[in-house]
Amino acid sequence: MAGKRYIVAIGLNHKTAPVEVRERLAFSSEDTPKVLEAMGQDACVDEIALFSTCNRVEFLLATKEAPKAVEAVKDFMAEFKNTPRHTFEQALYVYHGDEAVRHIFRVAASLDSMVVGEPQILGQIKESYLHACDYRTCGVVLNRLMHRSFSVAKRVRTETGIGDHAVSISYAAVELGRKIFGELEGKAVLLLGAGEMAELAVEHLANNRAQPIFVANRTFERGLELAERFRGTAIRFEEVRDYLRQVDIVISSTGAPGYILVRDDFKGLMRARRNRPLFFIDIAVPRDIDPEINRINNVYVYDIDDLKTAIQENIDERQQEALRGERIVDAAVIQFRRWFQSLDVVPTVIALRDKMEEIRQKELKKTFGSLSAASEEDRAAIDRLTAALVNKILHGPTVFLKQSAHKDEKSLYVDMTRRLFSLDEPGEPEPEPQG
Amino acid sequence: MSLLFASTIACYIASSLGYQGYILFQKRPIYRVANILLWVGFLCHTVVVGLQYFETGHVPVRNLHETLSSFGWAVVGVFLILQVKYHLMVLGALVAPLATLSVVIASMLPRPPVELAPFVKSLWRTLHVGTLIVGNAAFAIACFAGILYLIQEKAIKEKRPGFFFRRLPSLKLLDSMGYASLIVGFPMLTFGVITGVVYAQMVRGRFWTWDPKEILAGITWLVFAALLHERLAVGWQGRRAAIMTIVGFVILLLTFVLFFVG
């Protein structure tokens, strides 16, 4: 099985394909075994792994015939998904060699994700790798590549802040709450009004053990409903001001046309609260809470724009951290290349020896044929002589190829050796140059 | 300079750098190393201070050199004790440099042999000076917690989360740390003032002389008494409490300077 192997990545993601295309080509977990089995049998595919999420489909191959393998995958996708090739071919990207390695590293490290730094992708890749292991479609190359991608992902996560800090409104609210109160446990929450984002925020707070939870709604029944959902208490809208004495976090999302709480509502309130901090999260548009209230000591008012700004900073921060992640990936790609190239050396050396041995045997046969008078001893001597010659001649090139000093040019020398001795051409027939 | 004192300084300097590094890079191992270094430095320092005490029979505050060194020791000690409960890691980034500064300055100061009159060698003096040193250290930490509180509060109020927002702990923790330091410091200060008054009576025959430094010491005590009262009675917390703590500490520093200059 000597022969140069190539790593190829073929796929599409949220950047290259619209959702209609992605959903059409996504492979479910039931599809995966069929795909692996079918593609694993393809002659030009040595090793294969597949992973498919809602944002991407990726085929990873090790092959000796890259162009053929790429065609095979494309054909397979068209056939398996019953979709003409032209409908998705433009969305596909094909990476070879280092670029393929870099791509898989970036995907695993969540540098290529829609939300950069989201942690799920690594788990998904690990799962698909396990599938590929189950079906034995991964060999030396992909095994190594996948394991490297896991460790690169881990390094990026621990050595950069890529996964830190909230990038959604409700998480940002929780994060801010923590910066004010330390622990959210036992902090009373009041929900004013209703709405998806507000309810999500309450849910996050409740998950962080904030309680009790009060719900005030213009329609008391709706309030009761919500209160039941959060295992809280429904209060009447008119009671809100009284409850401001005991709650710590207020999430407001009513459809009121003007402010429902103004600065005057806070006269004496802070004293009654013994100055305990009060945190308003005003998600409503138009706003419910007079921003002036933010000027009161120990009261903090964040409206939707403030929260968005906070998130934007976190997103920017992640981009910064992603740059550091790219550097880790770059280094890992180079490291992998070295390993991959050294993988070529041994088969090349073996191929070279095989070739020489083949020539030697052929020539010996010819010689012995014309030397019928030679004794057994003479034949043995000639055999030894030729073997020694081949060994001596090959010693230099072998050492040279194996030397680690040529790490970066290794593939160049391997390639040159293969061409000089035409190792990639079928052994027979060997035209002997005349004259 | 003794070898122990030199190692104290070295540990404090390294620890300070470590704490700054922790703030910058947010890596826990750096914090752990800084913390261990601070402990090692503190142990060396304890031996130094202890030796001075047993050799002379005085709390080592006979000259500015000893006072600064003892103050640095107390700051680190109070910090390490409070740290057990509050785990306010970033505070080390202020405490360690302060301790470093006091021991470094102490190491550069001359150490004139002090001949103290025999009456100075009294239990009252020991108590007076010892409690004040610890009290001052606690207020220094309260002041630092207050400064950090103000920085963090500004970030949250003005909705500009930045470098510090991420790195500083919650307002609640900073406020609690300030409160705890006040609770440690105030009784010490009170006791220090009372013993001082008694000691003054013994030495000078008068309890109170209306000397500027005595007046300033009285004001310091009143400021912290008012702060503690407000905290206890109406639950004062946050910004105002932080500002008042810082003001109190500044007056305390002035008093301290006056005692040595005047």
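Computed from a predicted model, the values in this text were never measured in an experiment.

Definitions and cut-offs
Residues numbered from 1 in each chain as written. Chains lettered and ligands numbered in written order. Predicted model: local features only at pLDDT ≥ 70, side-chain atom pairs only at ≥ 80, totals over all residues. Helix = DSSP H or I, 4+ residues; strand = E, 2+ residues; numbered from the N terminus. Buried ≥ 20, exposed ≤ 12 C-beta atoms within 10 Å, placed from the backbone. Contact = placed C-beta atoms within 7 Å. Core = buried A, V, L, I, M, F, W, Y, C linked by C-beta atoms within 7 Å. Axes fitted to C-alpha atoms, helices over the stretch in contact; angles between N-to-C directions. Parallel < 35°, antiparallel > 145°, perpendicular 65-115°, else oblique. Left-handed = near helix turned anticlockwise from the far one by under 90°. Pairing = 2+ DSSP bridges. Nonpolar A, V, L, I, M, F, W, Y, C, P; charged D, E, K, R; others polar. Expected span 1.5 Å × (residues − 1). pLDDT = per-residue confidence, 0-100.

Observations concerning the overall build of chain B
When helices and strands are counted, chain B shows 9 helices and 0 strands. Ordered by position from the N terminus, the helices and strands of chain B form the series α-α-α-α-α-α-α-α-α. In chain B, which comprises 262 residues, the proportion classed as buried is 44%. Expressed as a percentage of contacts within chain B between residues at least 6 apart in sequence, the contacts between residues at least 24 apart total 79%.

Concerning the nonpolar core
Counting residues in each nonpolar core, the largest one holds 118 residues, and the members touching the most others are I251 of chain A together with V75, V95 and I141 of chain B. The element best represented in this core is helix α5 (residues 123-157) of chain B, accounting for 16 residues. When near neighbours in sequence (up to four residues on either side) are disregarded, V95 of chain B contacts V75, V76, F79, I141 and F144 of chain B. V101, F105, A132 and V141 of chain A belong to the second largest nonpolar core, which has 54 residues in total.

Here we look at the packing of helix α6 (residues 140-159) of chain A against helix α12 (residues 304-370) of chain A
All names here are of chain A. Axis separation between α6 and α12 bottoms out at 10 Å; the angle between their running directions is 155°. As judged from the angle between their axes, α6 and α12 are roughly antiparallel. By crossing handedness, the relation of α6 to α12 is classed as right-handed. Facing R144, L145, R148, V152, R155, V156 and E159 of α6, the residues of α12 in contact are G325, I328, V329, A332, F336 and W339.

Looking at unusual backbone geometry
Among all residues save glycine, negative phi is the norm, and among peptide bonds the norm is trans. All names here are of chain A. With an omega dihedral of 0°, the bond running from Q211 to P212 counts as a cis peptide bond. By the secondary structure assignment, P212 is in the loop between α8 (196-207) and β6 (213-216). Even without being a glycine, N82 presents a positive backbone phi close to 55°. When you line up the elements, N82 lands in the loop between α3 (66-80) and β4 (93-96). Backbone geometry places R209, a non-glycine residue, at a positive phi of 65°. Accessibility expressed as a C-beta count within 10 Å gives 11 for R209, which makes it exposed.

Focus: the sheet that holds β4 of chain A
Residue and element names in this part refer to chain A. If you trace the 4 strands from one edge of the open sheet to the other, you get β2-β3-β1-β4, paired in antiparallel fashion. The sheet is open, and its two edges are formed by β2 (47-52) and β4, each paired on a single side. Put simply, the sheet's adjacent strands are angled 15° from each other on average, direction ignored. With 4 bridges connecting them, strand β1 (residues 6-13) and β4 associate as antiparallel partners. Paired with I10 across the bridge in β4 is V94. Sitting on the sheet, α3 touches β1, β3 (56-63) and β4, and the angle it makes with β1 is about 30°.

As for the interface of chain A and chain B
Where interface size is quoted, it is often the accessible area lost as the parts come together. Contact residues are listed per partner, giving 19 residues for chain A and 16 residues for chain B. Contributions of two or more residues to the side of chain A that touches chain B are made by α7 (169-181), β10 (299-303) and α12 of chain A. Looking at the side of chain A that touches chain B, its residues break down into 6 nonpolar, 6 polar and 7 charged.

Considerations on the sheet that holds strand β8 (residues 249-253) of chain A
In sheet architecture, strand pairing relies on hydrogen bonds along the backbone and comes in two forms, parallel and antiparallel. Residue and element names in this part refer to chain A. With respect to topology, 6 strands assemble into an open sheet ordered β7-β6-β5-β8-β9-β10, the strand pairing being parallel. Strands at the two margins of the open sheet, each flanked by one partner only, are β7 (233-235) and β10. On average, each strand axis in the sheet is inclined to that of its neighbour by 20°, with strand direction left out of account. Of the strand pairs in this sheet, strand β5 (residues 189-193) and β6 are connected by 4 bridges, and their pairing is parallel. Within the sheet, the bridge partner assigned to L192 lies in β6 and is A216. Its contacts with the sheet place α8 against β5, β6, β8 and β9 (278-282), and it is angled at close to 160° to β8. Here helix α9 (residues 220-229) sits on the sheet and contacts β5, β6 and β7; the angle it forms with β7, its principal contact strand, is near 160°.

Considerations on the pairing of β8 of chain A
Regular strands have side chains that alternate between both faces of the sheet. All names here are of chain A. Counting buried positions along β8 yields 5 of 5 residues, so the element is predominantly enclosed. Where β8 meets β9, 4 bridges bridge the pair, whose relative direction is parallel. For I249, the partnering residue across the bridge sits in β9 and is F279.

A closer look at helix α8 (residues 212-234) of chain B
Residues and elements named next belong to chain B. The end-to-end C-alpha distance of α8, which contains 23 residues, comes to 32 Å, matching closely the 33 Å that a straight helix rising 1.5 Å per residue would cover. Within the span of α8, buried status applies to A217, T220, W221, F224, L227 and R231. Where α8 ends, the next residue or the one after it, G235, has phi of about 65°, a positive value.

Re the pairing of β10 of chain A
Residues and elements named next belong to chain A. In terms of residue burial, β10 counts as a mostly covered element, since 5 of its 5 residues are buried. Side chains of β10 alternate between two faces, with V299, V301 and D303 and Y300 and Y302 buried alike. Pairing of β9 with β10, which is carried by 5 bridges, proceeds in the parallel orientation. Across the sheet, residue L278 finds its bridge partner in β10, namely V299.

Section: the confidence of the model for chain B
Of all residues in chain B, 95% have pLDDT values of 70 or greater, and the mean over the chain is 88. Within chain B, helix α6 (residues 163-167) of chain B has the poorest average pLDDT of any element, 82, and helix α1 (residues 3-25) of chain B the best, 93.

Concerning the environment of S170 of chain A
Along the chain, S170 of chain A turns up in helix α7. Sequence spacing of S170 of chain A and A201 of chain A is 31 residues, and the spatial spacing of their C-alpha atoms is 4.4 Å.

Considerations on helix α3 (residues 64-86) of chain B
Between its terminal C-alpha atoms α3 of chain B stretches 32 Å, which fits the 33 Å expected from 23 residues at 1.5 Å a residue. Phi turns positive one or two residues past the end of α3 of chain B, at H87 of chain B, with a value near 50°.

Here we look at the packing of helix α7 (residues 171-204) of chain B against α8 of chain B
Residue and element names in this part refer to chain B. Running from amino to carboxyl end, α7 crosses α8 at an angle of 140°, the nearest separation of the two axes being 10 Å. In terms of their interaxial angle, α7 and α8 are classed as oblique. Like other packed secondary-structure pairs, α7 and α8 cross with a definite hand, here left-handed. From α7, Y179, L182, F186, L189, T190 and V193 reach across to α8, where they touch A217, W221, F224, L227, L228 and R231. A per-class count over the contact of α7 with α8 returns 10 nonpolar, 1 polar and 1 charged.

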